[in-house]
Number of protein chains: 2
Amino acid sequence: MANAKNDYPELLLENQLCFPLYACSKEIIKRYRPFLDELELTYTQYLVMLVLWERQSLSSKELGQALYLDSGTLTPVLKKLEEKGLLSRRRSDDDERNLIVSISEAGEELKHRAAHVPQSLASCVKLDADEAQELYRLLYKFLGSL
Amino acid sequence: MANAKNDYPELLLENQLCFPLYACSKEIIKRYRPFLDELELTYTQYLVMLVLWERQSLSSKELGQALYLDSGTLTPVLKKLEEKGLLSRRRSDDDERNLIVSISEAGEELKHRAAHVPQSLASCVKLDADEAQELYRLLYKFLGSL
DNA sequence: GATAATTCAATTGTGCGCAATTGAATTGAA
DNA sequence: TTCAATTCAATTGCGCACAATTGAATTATC
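So, here is what we can say about the structure in this document.

Our next topic: the relation of the copies chain A and chain B. Comparison of the two chain copies shows a relationship of rotation about an axis with a shift along it. Each copy superposes on the other: chain A lies on chain B with an RMSD of 0.0 Å after a rotation of 180 degrees and an axial shift of 0.0 Å. What the superposition gives is, in effect, a two-fold axis relating one chain to the other. Of the interface residues in chain A, 100% have counterparts in chain B that sit at the interface too, so the contact is made through matching surfaces.

Next up, the structure:
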């Protein structure tokens, strides 16, 4: 009988770069939950708000490009955030195909309550600052190479 | 008016380690799709098969620990893979609470057709071997620290 | 040996995430 | 100018992903 451990070593779970990416992503998102629950935001909603806290107004398409999300994901998330009163959605005057997403007063307020989240998360992660820096650099290089 | 770019620099999307993890994970999974389509596997099903190609038989709980997945995710995935004939599910004789998942003949066959997938994926990624190695190391350290 | 606590898979409900499609608005080419 | 191609958001359908709960099986405590 073939040695299942070694006949295709490239198929070992531990030899796939994709898996730790997938696992890390899910695990870190789980760590956000208690902090985001306080803000009544899901992780995806939080990402949208991060962009809006930087750029008060932008098109749905630009938002999708920033977050690597398509309209199938964004449309319902943006509708939910509008229901919560954190942003407004309107069509562009220039081009009615474009949806302009703008942060509301309440959305701006929420920024102050969210300010502690990154620091709270950082305390869950036990990486040296320079290792975190290197991980960050490699992830962006990886992302850029795809 | 406050400078929205700088009043909470820690809230900038680009300053969050979580985001490139999340984006890389999603993008890399997308790259798998054309190759996994040929095998008629989803990414999650592929992960399950990777484990089974290493360990021909194990409990659902062990599988969940290996993949960081809970029963709510695994139960329907395992049922689907059983329907496809790639594995079998049975209760443990020792402890009826445990579900034993075992690879089938067809599941073993599929391994040969999957053998090229890691190499095909690697060609999508433009990282030096030592950078990939370092990324790998940091991701596992990160995962272990959570 | 009764029963309380624990440990499982399974179920339920919600929210993505995305491929594929639709339909409206705009742009481009003849 | 007409009509074909493009570019958008929105919709549809499917498959996770996971929190919370349920109920059965097992283990621990008394």
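Moving on, we come to the protein's contact with DNA strand C. A:Thr42, B:Tyr22, B:Lys61, B:Ser71 and B:Arg89 are the nearest of the 29 residues found near DNA strand C. What you see for DNA strand C is that sugar and phosphate hold 77% of its atoms within 4 Å of the protein. A:Lys80 has a polar side-chain atom sitting 3.3 Å from a phosphate oxygen of DNA strand C. Those elements that place two or more of their residues in the surface near DNA strand C are helix H2 (43-54) and helix H4 (71-83) of chain A together with helix H1 (18-39), helix H3 (60-67), helix H4 (71-83) and strand E2 (87-91) of chain B. When its residues are assigned to classes, the surface near DNA strand C shows 5 nonpolar, 10 polar and 14 charged.

You can see B:Cys124 is positioned in the loop between helix H6 (117-122) and helix H7 (129-145). Remark: the alpha-carbon pair of B:Cys124 and B:Arg31, spanning 93 residues in sequence, is separated by 7.7 Å.

What follows covers the protein's contact with DNA strand D. Surrounding DNA strand D, one finds 29 residues, the nearest of these being A:Tyr22, A:Lys61, A:Lys79, A:Arg89 and B:Thr42. The protein-proximal atoms of DNA strand D, defined as those within 4 Å of the protein, are 76% sugar or phosphate. At 2.8 Å, a side-chain N or O of A:Ser71 approaches a base nitrogen of DNA strand D. At 3.2 Å from a phosphate oxygen of DNA strand D is found a side-chain nitrogen or oxygen belonging to A:Thr75.

Buried within helix H3 (residues 60-67) of chain A are the following residues: A:Ser60, A:Leu63, A:Gly64 and A:Leu67. Summarising the axial view, the buried residues of H3(A) lie within an arc of 100 degrees, below the 170-degree limit, and thus occupy one face. For H3(A), exposure combined with an orientation more than 90 degrees from the buried face picks out A:Lys61 and A:Gln65. Buried positions along H3(A) lie against H2, strand E1 (57-59), H4 and strand E3 (99-103) of chain A together with H1 of chain B. Residue A:Tyr68 follows H3(A) closely and has a positive phi angle near 60 degrees.

Before going further, it helps to spend a moment on the environment of A:His116. Residue and element names in this part refer to chain A. With respect to the element layout, His-116 can be found in the loop between helix H5 (105-114) and helix H6 (117-122). Looking at His-116, the relative accessible area reads 31%, which means it is partly exposed. C-alpha of His-116 to C-alpha of Phe-35: the two residues are 81 residues apart in sequence and 9.0 Å apart in space. Setting aside anything within four residues of it in sequence, one finds His-116 in contact with Phe-35 and Glu-38.

Reading the values: the criteria
Numbering of residues starts from 1 in every chain and runs along the sequence as written. Just so you know, chain letters begin at A and ligand numbers begin at 1, following the order they were written in. Only residues with pLDDT of at least 70 get local features here, since the model is predicted, and only at 80 or more are side-chain atom pairs given and counted; chain-wide, interface and lining totals rely on the full set of residues. Processing note: side-chain calculations cover all non-hydrogen atoms of the structure and skip hydrogens and water entirely. Our superposition of the copies is a least-squares fit, built on the C-alpha atoms of residues whose pLDDT is at least 70 in both. Working rule for contacts: check all heavy atoms of both residues, and any pair within 4.5 Å makes them a contact. Whether a residue is near a molecule or strand depends on its heavy atoms: if one lies within 4 Å, it is near. In protein, a polar contact means a hydrogen-donor-capable atom and an acceptor-capable atom, both N or O and within 3.5 Å, with residues adjacent in sequence counting only if both atoms are side-chain atoms; elsewhere, any N or O pair within 3.5 Å suffices. Secondary structure elements are taken from DSSP: a helix is a run of H or I of four residues or more, a strand is a run of E of two residues or more, and numbering for both begins at the N terminus. Amino acids are sorted into nonpolar (Ala, Val, Leu, Ile, Met, Phe, Trp, Tyr, Cys and Pro), charged (Asp, Glu, Lys and Arg) and polar (every other residue, Gly among them). Burial status follows relative accessibility: with a 1.4 Å probe on protein chains alone, a residue under 20% of its type maximum counts as buried, one over 50% as exposed, and anything between as partly exposed. By definition, the arc is the one covered by directions from the helix axis to the C-beta atoms.

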